[in-house]
Amino acid sequence: MMKLLGSCTCSNSWSKNYSCFLSKASIIRVLAKTLTTEATSKDTLYSRLVPISDPKDSIIPILDGWIKDERELDPEELQKIIRQFRKFKRFKHALEISEWMTNSKYIDQSPKYVAVQLDLISKVHGLEQAEKYFNEIPNSFRVVHVYGALLNCYVDAKSLDQAEAIMQKMRELGCVTTLSYNVMLKLYSHKKEYEKLDALVEEMEEKGIQYDRVTLNIRLNTYAALSDMAQMEKLLMKMEADPIITMDWSTYAAVANGYSKAGIRDKALEMLKKAEQLIKIASRRYAYEVLITLYASLGSKDDVYRIWNLHKKIGKFYNLSYLCMISSLVKLDDLDGAEKIFEVWEAKKRFFDFRLPNYLISGYCTKGLLEKAELVVRKLVEGGNEPNASTWSRMALGYWKNNQMEKAVESMKKVILASQPGWTPNCAVLGSCLEYLKGNGDVDKAEEIKRLLEEKGHNSANICEKIVKYSEKRSPESQALDQIDGDDDKTLEVEVLGGMT
């Protein structure tokens, strides 16, 4: 555990000043406002940095080149770019700019700046490096902003014990606010620690900590996750009657999500209609993305297209908007519609996102349209976008489902080669590939797969054990189909619906 030394200077305004990075909602939306101009026709630092979208590519040479060209450098503009990149989840590049500014003495250190850098270090290098950085922060800088950032690092990493320890330290220093309570409530909800969540709500009431709409939305989502419709409806009525709470679209969308998960379609649709009536101009883009996702979950294709047409009136689209629409249409078995949206994205995209072609590939593979899926993969390669592990995993499943096992085996090898640390295989498909090779007496290829797993740092023995346990539970086809979009679906749900709290 890291050292927790120093004092803490409280300020009631810190939650407002730092909500841009302590609130997941500001990260999840991936909706960036322009910095000052679109920087498309002018040669600005921003226009030079934006095209470098691959996190493996450093942007330091561009920053150094800007100085070498004797161009004007505004530290405030650099901080705006950092905020922009964080919204787009370009954390590595944001951290590079931050560290470059510090090393080049282009900014005076402040607790606010240190807190942002701590957050970025955690996202890029992990908790251990974040703790190391925290321990090197002078005591005079360890104010509420920095402790709040550290708390958020642990919450983002779902590190319950460490988050609770920091929360307790903040209590002792008298620096807990509504925001810090909300951060912990969200963690308890995610970890399904519902008793601790209730206890923390009671603590807020006992200590007179003012709740806000976020606090109540977290509780609504918790009741929805528990399928406790009675408590959810009771809390909604309380919110509607509370003069302190201003009802907005996200609250009704959260309730609609609860009804949807409970299979109560009529009430879910009713809540979505209420949500639509409360959407303000500033929040239209994100609200429409949520509504598209929720209407799709309810099987209401007409409403999905209706909201999409409203979205088009805004003008600009970001990847998340296309992602919501394509994934929704794939879910609704409208592959023709998904293709058309994908083609529009291909023509207009500024940043590449593998999830868009991957969702389309999933739709094709599910329907046995392997030639179309192969065409998408071929275009990716031709465009210089080497398919990732998720792409090949979908292809492997499609080949397996259509009994093209040689291609399934080759795709599975590509999955392993493209995999990252912590990768979890599609156990049903990988197990079927190994069984196929075993049945054909092709020991060499089976051993090759085992070797690739070891070379990529995956424990092949543990993976084989998972395959055995997995196969004992259910039929292989149901296992495989459950996993076809599993990780991306969960990520997208968090990215889109998570911002409602």
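Just so it is clear, the model here is predicted, and its values are computed rather than measured.

Overview of the overall build of the protein chain
Tallying secondary structure elements over the protein chain gives 29 helices and zero strands in all. Restricting the contact set of the protein chain to residue pairs at least 6 apart, pairs at least 24 apart contribute 66%. Summing over all exposed atoms, the protein chain offers an accessible surface of approximately 24000 Å²; the carbon and sulfur share of this is 49%.

A look at the environment of Ile326
Position of Ile326 relative to the elements: it lies in helix 19 (residues 319-331). For the pair Ile326 and Ile341, spaced 15 residues apart in the sequence, the C-alpha separation amounts to 6.6 Å. Leaving out residues up to four positions away in the same chain, Ile326 has contacts with Ala338, Ile341, Phe342, Leu356 and Tyr359.

Side note on the environment of Lys186
Turning to its location among the elements, Lys186 is positioned in helix 11 (residues 178-190). In the structure, Lys186 is positioned 31 residues away from Val155 in sequence and 8.3 Å away in space, judged by C-alpha atoms.

With respect to unusual backbone geometry
A negative phi holds for most residues other than glycine; trans holds for most peptide bonds. In this structure, Glu70 is a non-glycine residue whose phi angle is positive, near 60 degrees. Take Glu70: it is sitting in the loop between helix 4 (60-68) and helix 5 (75-87). With a relative accessible area of 72%, Glu70 lands in the exposed category.

Some words on the packing of aromatic side chains
According to the stated counting rule, one finds ten aromatic pairs in the structure shown. Pairing Trp308 with Phe317 gives two aromatic rings, centres 4.9 Å apart and planes at 40 degrees, and the pair type is tilted. Here Phe317 falls in the partly exposed class, since its relative accessible area comes to 21%. Measuring from centroid to centroid gives 5.3 Å for Phe317 and Tyr322, while their planes differ by 35 degrees, and the two rings are tilted. The rings of Phe342, Trp345, Phe352 and Phe354 are connected pair by pair, giving a single aromatic cluster. For Lys349, the ring lying beneath its charged end belongs to Trp345, and the centroid distance is 5.2 Å. The lysine or arginine in question, Arg394, covers the ring of Tyr359, its NZ or CZ lying 5.8 Å from the ring centre.

Description of the packing of helix 7 (residues 111-125) against helix 8 (residues 127-135)
Across the interface, helix 7 lies against helix 8 with an axial gap of 7 Å and an inter-helix angle of 155 degrees. By the angle class used here, helix 7 and helix 8 are roughly antiparallel. Note that helix 7 runs across helix 8; the crossing there is right-handed. Facing helix 7, whose interface residues are Val114, Gln117, Leu118, Ile121, Ser122 and His125, helix 8 presents Leu127, Gln129, Ala130, Tyr133 and Phe134. Partitioned by chemical class, the residues of the contact of helix 7 with helix 8 number seven nonpolar, four polar and no charged.

Considering the confidence of the model for the protein chain
Of the residues in the protein chain, 83% have a pLDDT of 70 or more, and the chain-wide mean is 84. Low pLDDT, under 50, characterises residues 1-41; the predicted model gives this stretch 116 contacts beyond four residues in sequence or across chains. Here residues 478-484 is a poorly scored stretch, pLDDT under 50, and it has 21 contacts once near neighbours within four places are set aside; other chains count.

Here's the deal with helix 15 (residues 249-261)
Across its 13 residues, helix 15 extends 18 Å between first and last C-alpha, which sits within 8% of the 18 Å expected from 1.5 Å per residue. Among the 13 residues in helix 15, twelve count as buried, and that is most of the element. Among all positions of helix 15, only Trp249, Ser250, Thr251, Tyr252, Ala253, Ala254, Val255, Ala256, Asn257, Gly258, Tyr259 and Ser260 are buried. The positive-phi residue at the C-terminal boundary of helix 15 is Gly263, with phi of around 80 degrees.

A word on the pattern of salt bridges
Evaluation of the coordinates by the stated rule reveals 24 salt bridges. For the salt bridge of Asp43 with Arg48, the shortest nitrogen-to-oxygen distance reads 2.9 Å. For Arg48, a relative accessible area of 24% corresponds to the partly exposed category. Taking the shortest distance from any N to any O, the salt bridge between Glu339 and Lys372 comes out at 2.9 Å. On the criterion of sequence distance, the pair formed by Glu339 in helix 20 (residues 335-348) and Lys372 in helix 22 (residues 370-382) is long-range, its members being 33 residues apart.

Section: the packing of helix 24 (residues 405-418) against helix 26 (residues 443-455)
Two numbers describe how helix 24 lies on helix 26: the axes approach to 9 Å, and their chain directions differ by 20 degrees. One way to sum up the angle between helix 24 and helix 26 is to call them roughly parallel. For the crossing formed where helix 24 meets helix 26, the hand is left-handed. Here helix 24 contributes Glu406, Val409, Glu410, Lys413, Ile416 and Leu417 to the contact with helix 26, which in turn contributes Lys445, Glu448, Ile449, Leu452 and Leu453. By residue class, the composition of the contact of helix 24 with helix 26 is six nonpolar, no polar and five charged.

Thresholds applied
- Residues numbered from 1 in each chain as written.
- Predicted model: local features only at pLDDT ≥ 70, side-chain atom pairs only at ≥ 80, totals over all residues.
- Heavy atoms only, no water.
- Helix = DSSP H or I, 4+ residues; strand = E, 2+ residues; numbered from the N terminus.
- Contact = heavy atoms within 4.5 Å.
- Areas by Shrake-Rupley, 256 points an atom, 1.4 Å probe, with all protein chains shown as cover.
- Buried < 20%, exposed > 50% of the residue type's maximum accessible area, 1.4 Å probe, protein only.
- Phe/Tyr/Trp six-rings, centres within 6.5 Å; stacked < 30°, edge-to-face > 60°.
- Lys NZ or Arg CZ within 6 Å of the ring centre and 35° of its normal.
- Axes fitted to C-alpha atoms, helices over the stretch in contact; angles between N-to-C directions.
- Parallel < 35°, antiparallel > 145°, perpendicular 65-115°, else oblique.
- Left-handed = near helix turned anticlockwise from the far one by under 90°.
- Nonpolar A, V, L, I, M, F, W, Y, C, P; charged D, E, K, R; others polar.
- pLDDT = per-residue confidence, 0-100.
- Expected span 1.5 Å × (residues − 1).
- Salt bridge = Lys/Arg side-chain N within 4 Å of Asp/Glu carboxyl O.

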